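What follows is each chain in one-letter form.
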Amino acid sequence: MKEPKARISNRMRTLRFHAGVSRQTVIAIEANKYSPSLEVAFRIAQVFGKSLEEVFQYGEVRPG
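Residue numbers restart at each chain and count upward from 1, following the sequence in its written direction. The model is predicted, so local features are restricted to residues of pLDDT at least 70 and side-chain atom pairs to those at 80 or more, both for listing and for counting; the totals for chains, interfaces and linings are taken over all residues. Only hydrogens and water are set aside when side-chain values are computed; all heavy atoms of the structure are taken into account.

Here the focus is the confidence of the model for the protein chain. Per-chain confidence: the protein chain averages 84 in pLDDT, with 92% of residues scoring 70 or above. For every residue, the predictor reports its confidence as pLDDT, a number between 0 and 100. Only DSSP runs of H or I with at least four residues qualify as helices, and only runs of E with at least two residues qualify as strands; both kinds are numbered from the N terminus onward. Helix H4 (residues 52–55) holds the highest mean pLDDT among the elements of the protein chain, 92, whereas helix H1 (residues 12–19) holds the lowest, 81.

Rendered as C-alpha cells:
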C-alpha cells in the first residue's frame, strides 16, 4: 500500500478576497509594477497582521 502524500495548502485566496485585492494586483505589487492605494495597503498589512511599515517602505527610487 502506498503512503498518502502530504499536501501543503494555503489560505491566500481567502486572505486576498478579504483584503479586497485580486491576484493580479498582488502579483503587480510584488513585482513593483503597481503601488497600492493607501486603503489597499492598510488592508494587506492587516491581513498579514503586520504594521504598514513592515509591509511597505517608502523612499526614493534610484536608477539602477
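For the rest of this paragraph, the subject is the nonpolar core. Only buried Ala, Val, Leu, Ile, Met, Phe, Trp, Tyr and Cys residues count toward a nonpolar core, and they belong to the same one when joined by side-chain atoms within 4.5 Å. With a 1.4 Å probe rolled over the protein chains alone, any residue whose accessible area is under 20% of its type maximum counts as buried; one over 50% counts as exposed, and the rest are partly exposed. Ala19, Val21, Val26, Ile29, Val40 and Ile44 form the largest nonpolar core, which has six residues in total. Pairs of residues are marked as contacts when any of their non-hydrogen atoms sit within 4.5 Å. Once residues lying within four places of it in the same chain are set aside, the contact partners of Val21 are Arg16, Val26, Val40 and Ile44.

Quick look at unusual backbone geometry now. One non-glycine residue, Asn32, adopts positive backbone phi at about 55°. Considering the arrangement of structural elements, one finds Asn32 in the loop between helix H2 (23–30) and helix H3 (38–47). Under the relative-accessibility criterion, Asn32 is labelled exposed at 71%.

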